[in-house]
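Structural description and commentary
Now for the letters of each chain:
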Amino acid sequence: MEVSKLKATSNQSDYVVIKAMDDGVNVIGLTRGTDTRFHHSEKLDKGEVMIAQFTEHTSAIKIRGKAKIMTSMGEIESEHK
Ligand code: TRP
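Overview of the structure. Small disclaimer: the values here were computed from a predicted structure and weren't measured.

Empty pockets left among the atoms are what a rolling probe the size of a water molecule brings to light. In this model, the largest pocket occupies a volume close to 150 Å³. Here the lining of the largest pocket is composed, by residue class, of 1 nonpolar, 3 polar and 6 charged.

Bringing the sheet that holds strand E4 (residues 49-53) into the picture now. The strand order across the open sheet formed by 4 strands is E4-E1-E6-E7, and the pairing between neighbours is antiparallel. One side of each edge strand has no neighbouring strand; the edge strands of this open sheet are E4 and strand E7 (74-78). Pairwise comparison of adjacent strand axes, ignoring direction, gives a mean angle of 20° for this sheet. Examined bridge by bridge, strand E1 (residues 15-20) and E4 share 5 bridges and lie antiparallel to one another. Each bridged residue has a counterpart across the sheet, and for Tyr 15 the counterpart in E4 is Gln 53.

Attention shifts here to the sheet that holds strand E2 (residues 25-31). The sheet built from 3 strands is open, its strands ordered E3-E2-E5 with antiparallel pairing. Among the strands making up the open sheet, the edge pair consists of strand E3 (38-44) and strand E5 (58-64). Between one strand axis and the next, the sheet turns through 20° on average, direction left out of account. With 6 bridges connecting them, E2 and E5 associate as antiparallel partners. Each bridged residue has a counterpart across the sheet, and for Thr 31 the counterpart in E5 is Thr 58.

Taken together, the side chains of Tyr 15, Val 49 and Ile 51 present a nonpolar region at the surface, about 320 Å² in accessible area. Here Val 49 lies in strand E4.

How each quantity is defined
Residues numbered from 1 in each chain as written. Predicted model: local features only at pLDDT ≥ 70, side-chain atom pairs only at ≥ 80, totals over all residues. Heavy atoms only, no water. 1 Å grid on protein atoms, 1.4 Å probe; cavity = no way out; pocket = protein on both sides within 12 Å on 5 of 7 lines; lining within 4 Å. Points joined across faces, edges and corners; volume = space filled by probe spheres on them. Nonpolar A, V, L, I, M, F, W, Y, C, P; charged D, E, K, R; others polar. Pairing = 2+ DSSP bridges. Helix = DSSP H or I, 4+ residues; strand = E, 2+ residues; numbered from the N terminus. Axes fitted to C-alpha atoms, helices over the stretch in contact; angles between N-to-C directions. Patch = residues over 30% accessible without salt bridge, like charges linked within 9 Å, V, L, I, M, F, W, Y side chains within 5 Å. Areas by Shrake-Rupley, 256 points an atom, 1.4 Å probe, with all protein chains shown as cover. Salt bridge = Lys/Arg side-chain N within 4 Å of Asp/Glu carboxyl O.

Set out below in structure tokens:
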């Protein structure tokens, strides 16, 4: 199968929309593969939006702080403790 078709049928084409509901929300990308570690951290202030995709480098996304998260599975809110 072509690479483009493989990508279209895998979760690596999924996007996540994150809207910060407070200042200082962190969007953290975790590596794909046997070694799971943080590879990127993005700080959002209140009202800022990040549109992120799962990629060959990113298999998980961690959100710290209060944010609205929109995915193909639905919408959820993270909270600040
Ligand atoms: N270079 C990263 C990648 O291609 C950029 C990235 C994609 C990212 N999705 C992310 C960073 C989600 C943080 C969170 O995988």
